[in-house]
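Working through the structure, step by step
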Amino acid sequence: MSFDHNSCSRVAILDHLSCFRHFPVAKQLQTLVLSILKPNFSQQNVVLTENLCGEILDKNPDIKYLKKLHSRICIDHDLPSKSSIAIKLMKAYAACGEFVSTRHIFDKSPEKDVVFFNVMIISYVNNHLYGNGLHVFKSMAGDGTNPDHYTYSCVLKASSGLEDLLVGLQIHAAVVRVGFGLNMFVGNGLISMYGKCGCLVEGGRVLDEMPYRNVVSWNSLVSAYAQNGQFDDALEVCREMELVGPKPNARTMASLLPAVTNTSLDSVSLVKEMFMKLAHKSLLSWNVMIAFYVNNAMPAEAVAVFSQMEAHGVEPDAISIASVLPACGDLSALLLGRRIHEYVIRKRLQPNLSLENALIDMYAKCGCLEYAREVFDQMKFRDVVSWTSMISAYGMNGKGRDAVSLFSRMQDLGLNPNSITFAAVLSACSRAGLLDEGKYYFKSMTEECGQVFMSCYTNIYAKAGRWKDVRMVRSIMKTKGIKNMLGVSNLELDGQVHSFLAGDQSHPQSKQIYGELDVLVGKMKEAGYVPETDSALHDIEEEDQDCLLAVHSEKLAIAFAILNTPPGTPIRITKNLRVCGDCHIAAKLISKIVGRDIIVRDTNRFHHFYNGVCSCDDYW
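Because the structure is a prediction, the values reported are computed rather than measured.

A count of helices and strands for the protein chain gives 31 helices and 6 strands. For the protein chain, the proportion of its 620 residues judged to be buried stands at 49%. Within the protein chain, residue pairs in contact and separated by at least 24 positions form 64% of the contacts whose partners lie at least 6 positions apart. Accessible surface for the protein chain amounts to roughly 30400 Å². Of this, 52% is attributable to carbon and sulfur atoms.

This is the structure in C-alpha cells:
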C-alpha cells in the first residue's frame, strides 16, 4: 500500500502505519510521517535514522512521499553515504517506475557492489528497458564487479524480453563458465529465455539437467509450450508434474492461458481437474478458470465459476470482471452484467481500459446501446478496442450510419483501425444496406482479405440482391473449410442461463415448452402464418435441415420465457446463428399475440420485436 496524498487524509496514513505497531520504531514512524506531511509540525526527538528510513522505504511509499523523504535524507550528514539507504532508495524509485531517479542514485554512488548492479538491472527490466539492463550488465566487467546468480537471472529476463536468442546463448555460456549452470534460479531463467525464443527442445533439456527443480521450473516450461501454441505438450508437462514433480498450482494454470482457445473436451477436463485439486483456490486460480472457459466459448461455465467464486467469499478484482463480462454478453445475462457494473462503481475499479472495454462489449451484446455509449463517453482513455467495440455496438443495433460516423471520427483523431475494426464497420454497412460505403472500406484495406471480411462482404452483396457475387465469395469460403454450426439460443432467468438447441427435448420443462409452442403456432396460423421453408434472405448459416422449423432454438426459448415470466416481461434471447426467415416472422407474430417485447441478438444484429413489428424493418 502506498501513501496517497491526493486521496488519503493524515488520519488514513496514520491508520496505515498502525500495521507497524509490533515494530519498536512504530512511534518514530508516525512522528516522521507527520513531520514530512506537515512542515510546521514540531516535536522533539524526531531523529531520522538508518533503521527508520529502511522501515519506510521497504513499504514502497508513493512517489510524492518518497521524494520528500529523499530530500530529508540528502540534508543529513551521515545517511547519504549509507549504501543500504542508497539501495533501498533505488528499489523504491524503481517500484514507482522512476528508473531515471534510480539511475541517478546508482551513478552517484561511489562504491558499488553486485547488489547495486542487480537493483539497477532489474529496475530497467521491470520497466521493459531490456537493452539498458544489458548495458549495465556489460559495464560490470569494467567496474571490476563479478555477477552473481541473481545477476544472471535478471539479464536472462532481459534477453527473454528482447527475444534475443544470440544474447541468451552468450549468457548461457557465461553461466556454465562461472559455475552457475546448476543453480535453480538461473535454470528457471534459461527455460523462460529459450521458450520466448521458440527453442522448446533446449528449454526442456535445461529442465531435465537441473538437479533441483521447483514449481517455477515446471511452470516455466509449461509457459514456454503454451506461448508457442503447443497446448498438448504443455498439458503433457502438467501430467508429468502430477507424477514426478511438485503439484500444479494457480501459476501453472495461468501459464496455460496463451494456448487454451478451442481446446478438446479432454483438455477442458484436465484443466478443470487441476483447478479442483488445488488445496487453496486463490483469486488468480479463479480468474484463470473463468478466462479458460471464456476462451473456449463456454460462457455458461464461466458465469457459473464466477458465481462459485463469490459464494466462496473471494472478492473479484478488475481482472475477474474483465474476464467474466464477455460471458455475460454472450449469454445476454444483462441482470448479472448490471450487477457487476454496480460492483465496479462501488469498488472504484475505474479507470481501467480492459474492464471498460469489456463493459461496452457486454452492454452492446445485451442490446443496451445507451449504456454502452455512456461507458464509452465516460472513459478517460480509449484505445482501438474501445472504438471498435462501440462501432460494433452501433452495427449490431442496425445503426450503420452512426457506426460509419464513429469510424470516421476515430480516423480523424489519428487512430489506426485494425482488421477487427474494419470487420466491424463492414458488418455495420451490411446490416444497414450501405453498399457503397461497404465497398469503399473494403477497398481501403491494405492487408489480404480474410474470412471475416468475406463474410461481411457476402452479406453486403446479399442485401443488394447480387447473388452471383454471393456465390463467388461463398465458393472461396468453402475452400477454406468453413462449416455450419448447430443453432443454440440462450436466455437468462433468475440468474441462471437456459440454453436450447434446435429440436431440443433435454430441458426439464420440455413437455410444457412444446405444449405452449403448439398453442402459439395455432394462434399464429389463425393470424395468417404460413411456415417459411425457404430462407428469404438466402441465409449463409442454416440450422439442421432435418429439424422442423417449428422447433428452432429461438422458438423454444420464447415459449420457455412465456411460461416462466410474468405477462409483459421483456424476453431477451441470444442466438449463435443468424435468425432464419421463418423464426423472424414467428417472433413478430408472437410479440403481438402475447403482448411482449422480444429482443433477439443473432450473429448479425439485434432484433427488437414489438406488437408484430421488428426494429430491423425485415432487413437483416
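Right, let's talk about the sheet that holds strand β1 (residues 488-493) for a bit. Overall, mixed pairing links the 6 strands, which are arranged β2-β1-β3-β4-β5-β6 in an open sheet. In this open sheet, the two strands that pair with only one neighbour each are β2 (496-501) and β6 (613-614). As defined by bridge partners, strand β3 (residues 571-575) adjoins strand β4 (residues 598-601) across 4 bridges and the pair is classed as parallel. Within β4, the position partnered with I571 by the bridge is I598. Packing of helix α30 (residues 553-564) onto the sheet brings it into contact with β1, β2, β3 and β4, and relative to β1 it is tilted by some 15°.

A separate point is empty space enclosed by the protein. Taken as a whole, this structure holds 2 cavities of 30 Å³ or more when the rule is applied. Taken as a whole, the largest cavity encloses approximately 50 Å³ of empty space. Lining the largest cavity we find E554, K555, I558, V579, C583, A586, A587, V600 and F609. Elements with a minimum of two residues in the lining of the largest cavity: α30 and α31 (581-594). Per-class residue counts for the lining of the largest cavity are 7 nonpolar, no polar and 2 charged.

A separate point is the environment of V222. Take V222: it is sitting in helix α13 (residues 215-227). Residue V222 is classed as buried on the basis of its relative accessible area of 0%. In this view, V222 contacts A234, V237, C238, M241, T252, S255 and L256; residues no more than four positions away in its chain are not counted.

A separate point is the packing of aromatic side chains. Applying the stated criterion across every chain, the model contains 10 aromatic pairs. Where F137 meets Y152, the ring centres are 5.9 Å apart and the plane angle is 70°; that geometry is what we call edge-to-face. Note that F137 is positioned in helix α8 (residues 130-143) and Y152 in helix α9 (residues 149-162), a separation of 15 residues in sequence. Take F137: its relative accessible area is 17%, and that puts it in the buried class. Classification of Y152 as buried rests on a relative accessible area of 4%. Between F275 and W286, the ring centres sit 5.1 Å apart and the planes meet at 75°, which makes this aromatic pair edge-to-face. With F275 in helix α16 (residues 265-277) and W286 in helix α17 (residues 283-295), the pair connects residues that are 11 residues apart, well separated along the chain. You can call W286 buried: its relative accessible area is 3%. Members of the aromatic cluster, each reached through a chain of ring pairs, are F137, Y152 and F180. Between the NZ or CZ atom of K112 and the centre of the ring of F106, over which it lies, the distance is 5.0 Å.

Looking now at the pairing of strand β5 (residues 606-610). Bridge analysis of β4 against β5 gives 4 bridges, and the strand direction is antiparallel. Bridged to V600 within β5 is H607. Two elements, β5 and β6, share 2 bridges in a ladder whose sense is antiparallel. Pairing of Y610 across the sheet is with V613, part of β6. Connecting β5 to the next strand, β6, in antiparallel fashion are 2 residues, including N611 with a positive phi near 55°.

Let us look at the packing of helix α12 (residues 200-209) against α13. It is the contact of α12 with α13, at a shortest axis distance of 10 Å, that shows an interaxial angle of 170°. Considering their axes alone, α12 and α13 lie roughly antiparallel with respect to each other. For the pair formed by α12 and α13, the contact residues are L200, G203, G204 and L207 on the first element and S217, W218, L221, A224 and Y225 on the second. Its residues assigned to classes, the contact of α12 with α13 shows 6 nonpolar, 3 polar and no charged.

With that out of the way, let us pick up the pairing of β3. Where burial is concerned, most of β3 is hidden: 4 out of the 5 residues are buried. Two elements, β1 and β3, share 2 bridges in a ladder whose sense is antiparallel. Within the sheet, the bridge partner assigned to N490 lies in β3 and is T574. With respect to chirality, the unit in which β3 leads through α31 into the neighbouring parallel β4 is right-handed.

Thresholds applied
Residues numbered from 1 in each chain as written. Predicted model: local features only at pLDDT ≥ 70, side-chain atom pairs only at ≥ 80, totals over all residues. Heavy atoms only, no water. Helix = DSSP H or I, 4+ residues; strand = E, 2+ residues; numbered from the N terminus. Buried < 20%, exposed > 50% of the residue type's maximum accessible area, 1.4 Å probe, protein only. Contact = heavy atoms within 4.5 Å. Areas by Shrake-Rupley, 256 points an atom, 1.4 Å probe, with all protein chains shown as cover. Pairing = 2+ DSSP bridges. Axes fitted to C-alpha atoms, helices over the stretch in contact; angles between N-to-C directions. 1 Å grid on protein atoms, 1.4 Å probe; cavity = no way out; pocket = protein on both sides within 12 Å on 5 of 7 lines; lining within 4 Å. Points joined across faces, edges and corners; volume = space filled by probe spheres on them. Nonpolar A, V, L, I, M, F, W, Y, C, P; charged D, E, K, R; others polar. Phe/Tyr/Trp six-rings, centres within 6.5 Å; stacked < 30°, edge-to-face > 60°. Lys NZ or Arg CZ within 6 Å of the ring centre and 35° of its normal. Parallel < 35°, antiparallel > 145°, perpendicular 65-115°, else oblique. Right-handed = clockwise from strand over helix to strand, strands pointing away.

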